[in-house]
Every structure is written in structure tokens, then in C-alpha cells.
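Structural features, examined
One-letter residues, chain by chain:
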Amino acid sequence: MTKISRVSFSWPVLVLSAWAVLAATNLVAQSLGNAGTLEGVVTDQSGATVGKASIHLGNPVSGYRQVVSSDKDGAFRLVNIPPNQYHLQVEAPGFRAFTQDLAIRRALPVQLKISLELATSKTTLTVEAGGNDVLETNPSAHTDVDRNLFSKLPNTDPGGGLSQAITNSSGGVVADGNGFFHPLGDHAQVSFVVDGQPISDQQSKVFSTQLPTSAIQSLELISGNPSPEFGDKTSLVVEVTTRSGLGASRVFGSLDSSFGSFGTGGGSAALGFGSARLGNFTALDGVRSDRFLDSPEFKAIHDTGNNQTIFDRLDFQPNGKDAFHLNLFAARNWIQIPNSYDQLTQDQRQRVLTWSVAPAHQHTINSHALLTINPYIRKDQFTYYGSRDPFADTPATQSQSRQLLNWGLKADMVVAKGRHQFKFGVDAKQTRLHEIFGFGITDATFNSPCLTHDGDPSDDTDLRKLSHCKSEDLDENRDFSAGLAPYDLTRAGRMFAFRAAHSINQMALYGVDTYTHGNFVATLGFRFDSYRGVPGVSKIEPQPRVGVAYKIARTNTVLRAAYARTMETPFNENLLLSSATGAGGLAANIFGSAAVPIRPGFRNQFNTGFQQAIGRFVLVDADYFSKYTHNAYDFGTLLNTTITFPISWNNSKVTGFSGRVSTTNLKGFIAYWNFGHNRARFFGPANGGLIPSGPPDSSAFLIDHDQKFQSTVNARYQRPKNAEWVSFTYRYDSGLVVSGIADTSEMLDLTPNQQVSIGLACGGTLATVARPLTTCTRAITSTLLNIPTPSEADPERNPSRVKPRHIFNVGIGTDNLLHKEGHRRITAALEITNLSNKVAVYNFLSTFSGTHFLQPRAAIARVGFTF
């Protein structure tokens, strides 16, 4: 058994000391995490307070809206406001409506004194604002989405609602199987910030568990220049503002049940309550399905899974200066690993357990200074079970138990002075890794040293070395991997056993100055990262970041440009084993003989873009990006399992653009179109993993998260008074690169079942299981893939690709089935995904993600009760 010892470390003392020092300054907010607070007083022109004034705050593009009334002293307060640009409107009987555009940027509470003028004639309140009212003079491209938008998107992905909301809301995101998505040409390079808690580890359902959408108030998807406060994974930063009971004037909540295709059934419950000082919100969700993961076949086989989550947020504000909150989260996934027709005997399963505790404290020192402290601890426990009979697993059996414990502290100070707003802070954390892994070959032809004269691997289990081939009148197998031979169970080998534990320690200091002068905004920031990873790996990286934006008021245009230097850190999942295998993976090296640990990388990123309001009803946002990364990261999938290992490439060059066209709420109708393109050029060689992948030299290739174009159109209409609604989603993907097949000559090596699954044909004659294609002198085609001929194939200019696909989803429902007045309402909805029952794959035999078919047409019905 191979072991890596745990390295002792004194960072826990350092983290606690940093927290104590910050708190001891007595600078120890109103809304915590990402959210902001708006408070003020409503008066008349004489200065007398106006009670029972109606205060409306909203964004007509994101869909966010909050309404409160002033008290008898004219005071009002809105809390838990997602960061964005907003339109404020205040109305009181006998007064003219007051309107103002303002920005909430998750830092200092915004304080207003609103003076209402007497009405000279009867006035009418108009809540809806125009797109020009919410233009953002921000150097970084981002998309804001409120739950009013994503909660009605048709979605039948069990346990993956958050991933679907992100994919459907950001133009720069490429969809992949099992909830994976690739932001701006990078593989899963995403950081989540949940109410101030940073999470840079994987959140898709095959790695971990996700926060349910029932607990989320809003999302800010930052695809442009990352602020210095963000590190680790910065291709996409997802800032999540959760729901809160603080300030609720009544008890509110919901009960919901759902049932649909593939034996899918589930339910959720939410309960919130609170006052101006204390609030609590709880969400419980559960779902099971016979198609929990995206299957390697169009028909799901051995694919049952279930998911349960519980989220609770407690808020306490004892006074006007201090605010506390506590987020608690626990979740569980239990999943069967889907089988293909070539692996019907397998019974592999996995279980994921997650828990998280994240308290936070904010202190408003004065109207110009705010301190935020976010300690946190989070743990993922991943267990993978092979079949009881190891030889039922083909071509190998594997098992795994790994744990990832992440804890740390993020604290920062915001100080506003004149035209400057300064933010500086510390982000310190430790990630404790523990990995146990077993692996053994169960198919004698998988790594046979000898070939028959027809070129087929020999299944003779007595042949264990290349030197044995000649005596048996066989040819040597040039692809034979000596590093795997000791673990070939068919040839008297043993199980490969690995056990390791180690801690990854990180510390970052950051600061940024946001300078505002009229319609001009500039940000100048710096981040300093220290990374201490697996044994022998450490890195210190200074990272300047700068951005500018200018609003041309006459044309309602915002222009922006930005540059960022970032340190990219390796994926933590299976990092210890992957770092120990070396270049080419286990297959190329007898374990440990050429170990090269995976090291941090760095990136230079350039962004430029614009935002344009067209009249009052349309808002256009577009951004161009160019990224050069040294040590670019990806995952290598282990055969047909959900076990993946991080790998690094020498470097990558990714360019592309993303955009969004949105409408405001037009009498109940709202629509937006997201679109994007990326060209993801990676350069070998690869390092890490178990199975070799990619070119062995420094040549360039397009990686399997390269896609020429993707587009999502979402449209929804809802009748007044939150009654009946209908929604429509159209998704187009031009097709990911297929890394597992270089050209048509390799198609004939597929198994009969694989040939049938992808609609392989020779001169129009389809392959069958009984009569697979073994030779072909005519054109080889596939109904699902575009594969070039050997003379046309080029890994950089003309790689194999998945065929383009068009997917349509629809939903219809009501938020008030019985049309009752008051807060108690019956809700109902019917959602249908993949309406045309399109047969398509995300990818095929990808060394980085495997084979995954899109979900066939599925319908799900929901019935609920809100109060």
C-alpha cells in the first residue's frame, strides 16, 4: 500500500489569530454576505415624517422586487438585497411619486432621506422601470438572476437545479453531462460564494451536493474580470444570496410535491419568519429518480438515485450597527452508476455526504466604514462502491473513500472616502484531504501484452510480459502499459491500493480601490496568494487587477475594459493520488517512479465589453475575453465510472465572447437571450491522472470543452396578480469536441453496442449488434457525431465533434390555482423538457468526461401550497 503522510501545520493558530486581531480592533452589518441594506426616512417638504408610505425597490431585468412600508416615524428598511443596480419608487396618498436609481454593492448600507412633494393632481404609481434605469457602470461583466426568473425555468434534473439555473442564465457557460458546465472554455473552474462563504471545490452532483434552488434568493454570475477578493477558480464566480426571514412581517413558506417521468418523485418544504431584529428561514428538499445521472445510453440502465438537503439561515441584528447570521447545510446523494449495454453485470454505486457551518458577523463602524467576518467549515465525504463480485465490473473494478474538509476565515474592511471606496481583507483556509483508492483490471484484453496477427488483444492470461509473445507466435502490443501489469487480476495480479492524507494550506491578502467620478469608474486592486499544497509544492503569486468603465449618458451606453492576473489552484478532489502518478499517469509509470506533483498555475486575462440600453425595454450586454494560462487544469475520467482525477496541461490559450439580450417586464412578459463562443486551445503534455490522455508533446489541440457557439432563449408570460404563467426555453449547442475518437478509422474499433448507440453507418447502412461494421470502403457516418476522415482530421483545426442540437423545454402553471385573495394559495405546474425527444450526447468516450446522453423527453408535475 502506498501512503503519503500528513504534514503538520500551524495555520489553525494563524487563522484564529487573524480573526481575533480583526475583532479586537473594535471595528467589529446589516445584511450579511453578498447582500446589502437600504434604509431611510420619508418626510414631506416641511420635514414632518410620512407613515405608511409604500417603498418599492426593483430591477426590471433580473426580476428582483421588494416592497415595504414606512412606520409611523417615516422610517423604512429593506434587507438582504442582492448586489445590483436598482430603481426605487416611493408613494404615499396625497404626494407625488418619488423615484431614484441607485446601486447596492454588498458593502456599506445605503441611507436615504426622501422628501415627498404634495400632489397637484391625482398621480398613478408605475413600478416598472426601464432598462436604461439599471445600466451598471461596472468594469466586470456579470449577470444577475433573481428567483422570480429561475424558479419557473423548466427543469427535470434531479439534484442539479443550481447547475441548470447557471447554465440557462449565462452565455459563457457550455453544458455537459451530470450537471457539469464549462465556463469560458475552462473545465469546471468555478468558485461559489454563499452569503460570503467561499467554496472553490466541485459542486456538481457526482462530486458533492448542491444548495437547493428553494433556498436561493438570487445569483450574480461574474464571468468578467474577477475582483481581488476572489481566488482559486475564477473563470466564473457565482455569488449566491440565500433567502432570509429577517424583516418578515408574517410567517411565510411553502409545501410542494412533484412526480414525473422515470419514476421521479420528490417534495420540498420552506418556512420563514422573523422581525426587524431576528429572522429564520429553513428549506428541506428531497427527490428520487430512476434516471438520476446522465446515462451512457439513451435508455437509462441501473440509474436510480436520490438526494436530500436541509438548509437553515438564522439572522440576528441586536442593534443598528451589528448583524449576525448562521448558515447550516447538510445533504446526501445516493446514486447507482449507470451501465452501458456492454456492462450490464455491473452494480457500482456511490454516496456523497456534505455538511457545512458558516457563521458571520458584520459591524458598521459609521456611515463610511464596515467590517465583515466570515468563518466557515465544510466537509464532503465521497464513497464509491464496486460490485460485490469484482469480475462483474469491466474492464476494471475500483473502489474509493475520500474526504475533503475545508475550513477557514474570510474577513474584510470597506471604507468609503470621497470618490474612493477601499476594500481590503484576508482569506485564509485549510483543506484536509484523505484518500483511499483501490483498482484492479478484470478484462484480460484490456492491457494484454500480446496481439493476435489480426491486431486483436490476446485473452491468454498466461501471457504477462512482452517477452512471452514471440514464443506463442503473437505480436507485441505497443500500447501495453507495464505500470498497470501488476494490477491485472486476470493475470495473477493484485489490487492497487492507495491511502494518503495531507493538508492544503492557503492564505491570501487583497485590496481594491473603486474610484468613481461622475460616469467614470476605475478599480485598482491587488491580491497576494500563498499556496502550500502536496509535499514539495508551494507557490507565492502577486496578482494585479485593474478595470475601467464609462457610461455615455446621451446614448445609454457603458464601455468597459479590464485586466487580471490570477493564480489558478489544482482541483482538490483526488489530488493526492493524481499528484503521485507523474507524467502519463499510472499507466506510464510504475507507481511513484516518476511522480511529478500537480502545481498551481497562473493566468493573464483580458476582458472588454459594453452594455447598451435600447429604449426603455431592451438591455444588451456583451463581453470579449482572452485568457492565457500556464498549468491549465482538467479532469481525467477513470474508464466508465464517476471517479475522476485532476490533471494539468502545460498551458492553454482560450478566447471567446459571451452576451445577453434582456427585456424588462412588459406587462407580464419577460425574455432574455444568452449566447457565447469559446476557442479552447490546450498544449501538452499532461501531468497526473491514472490513464494517459492528450498529446505526449507540446503540440496544440482543442480540448473537449471547446464549443463554437451556444445559445439559450428564455421567455415567460404571467398574468397579473401572480396567476397563470407559461414559460419556454430553447437551447442550441453547436457540439463539444470529442476527444476519444480522432477520425473515422477508429470508429470500426467500437463495440457493436457502441456503434448502434451512435448510429454508425457505412455508406448509409446502419450497424447492428448482430452485424457490426468491421470494414468499410465507403463513407463512415454517425447520426450523433461529426467525425473527420484521417486525411481531414486535425486536433487543433478540425477535431471530431458532437453534432449540433436544438432542445426545447416548456412549462405551464399557476401561482394561484383557485384565484383566492390573501397569502394562502394553491400552486400547480407542468414542465416538459426535451419536448421533441431529441437523441443527442453531451460527449462520447471522452477521456475527460466519458459518454453521456441527454435526458429523453421528460415531464414533471408539481402541486404546492404557499402561505
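Read on for an overview of the structure.

Regarding the overall build of the chain
Assigned secondary structure in the chain consists of five helices and 47 strands. Relative to the 2.2 N^0.38 estimate, which gives 29 Å for 867 residues, the radius of gyration of the chain is 28 Å and therefore close to what a compact globule would have. Dimensions of the chain along its principal axes, counting C-alpha atoms only, are 105 × 60 × 50 Å. With 867 residues in all, the chain has 59% of them scored as buried. Of the roughly 33,000 Å² of accessible surface on the chain, 57% is carried by carbon and sulfur atoms. Charged side chains in the chain number 77 positive and 72 negative. The centres of these two groups are separated by 7 Å.

Examining the packing of aromatic side chains
Under the criterion given, the structure shown has 20 aromatic pairs. Taking the centre distance of 6.2 Å and the plane angle of 20° together, the rings of Phe252 and Phe281 count as stacked. Of this pair, Phe252 sits in strand β16 (residues 252-260) while Phe281 is found in strand β18 (residues 278-289), placing the two residues 29 residues apart along the sequence. Looking at Phe281, the relative accessible area reads 0%, which means it is buried. Consider the rings of Tyr563 and Phe606, whose centres lie 5.0 Å apart with planes at 40°: the pair is tilted. In this pair, Tyr563 sits in strand β30 (residues 557-568) while Phe606 sits in strand β31 (residues 601-614), placing the two residues 43 residues apart along the sequence.

Considerations on the state of the cysteines
Scanning the model with the defined rule gives two disulfides in all. Across a sulfur-sulfur distance of 1.9 Å, Cys450 and Cys469 are joined as a disulfide pair. With the S-S bond torsion at -90°, the cross-link from Cys450 to Cys469 turns out left-handed. Separated by 19 residues along the polypeptide, Cys450 in strand β25 (residues 450-451) and Cys469 in the loop between β25 and β26 (475-476) bring together distant segments of the chain. In terms of burial, Cys450 and Cys469 fall into one category: buried. Paired through a disulfide, Cys762 and Cys776 show a sulfur-sulfur distance of 2.0 Å. Looking along the S-S bond of the Cys762-Cys776 disulfide, the torsion reads about 90°, which is the right-handed sense. With Cys762 in strand β38 (residues 760-762) and Cys776 in the loop between β39 (765-766) and β40 (780-782), this pair connects stretches of sequence that are 14 residues apart. In the chain, the cysteines engaged in disulfides, taken in order along the sequence, are linked 1-2, 3-4.

Points about the sheet that holds β40
With antiparallel pairing, the three strands of this open sheet are ordered in space as β39-β38-β40. Of all strands in the sheet, those with a lone pairing partner are β39 and β40, marking the two edges. With three bridges joining them, β38 and β40 adopt antiparallel strand pairing. Residue pairing in the sheet places Cys762 in a bridge with Ile780 of β40.

Observations concerning the sheet that holds strand β4 (residues 65-69)
Picture the strands of a sheet paired through backbone hydrogen bonds; they go either parallel or antiparallel. In spatial order, the strands read β4-β3-β6-β7; together these four strands make up an open sheet with antiparallel pairing. Unpaired on one side and paired on the other, β4 and β7 (98-104) mark the two borders of the sheet. Mean inter-strand twist for the sheet, computed between neighbouring axes without regard to direction, equals 20°. Pairing of strand β3 (residues 54-58) with β4, which is carried by five bridges, proceeds in the antiparallel orientation. Within β4, the position partnered with Ile55 by the bridge is Val68.

Criteria and thresholds
Residues numbered from 1 in each chain as written. Predicted model: local features only at pLDDT ≥ 70, side-chain atom pairs only at ≥ 80, totals over all residues. Heavy atoms only, no water. Helix = DSSP H or I, 4+ residues; strand = E, 2+ residues; numbered from the N terminus. Rg over C-alpha atoms; globule rule 2.2 N^0.38 Å. Buried < 20%, exposed > 50% of the residue type's maximum accessible area, 1.4 Å probe, protein only. Areas by Shrake-Rupley, 256 points an atom, 1.4 Å probe, with all protein chains shown as cover. Lys, Arg positive; Asp, Glu negative; His and termini not counted. Charge placed at Lys NZ, Arg CZ, Asp CG, Glu CD. Phe/Tyr/Trp six-rings, centres within 6.5 Å; stacked < 30°, edge-to-face > 60°. Disulfide = S-S within 2.5 Å. Pairing = 2+ DSSP bridges. Axes fitted to C-alpha atoms, helices over the stretch in contact; angles between N-to-C directions.

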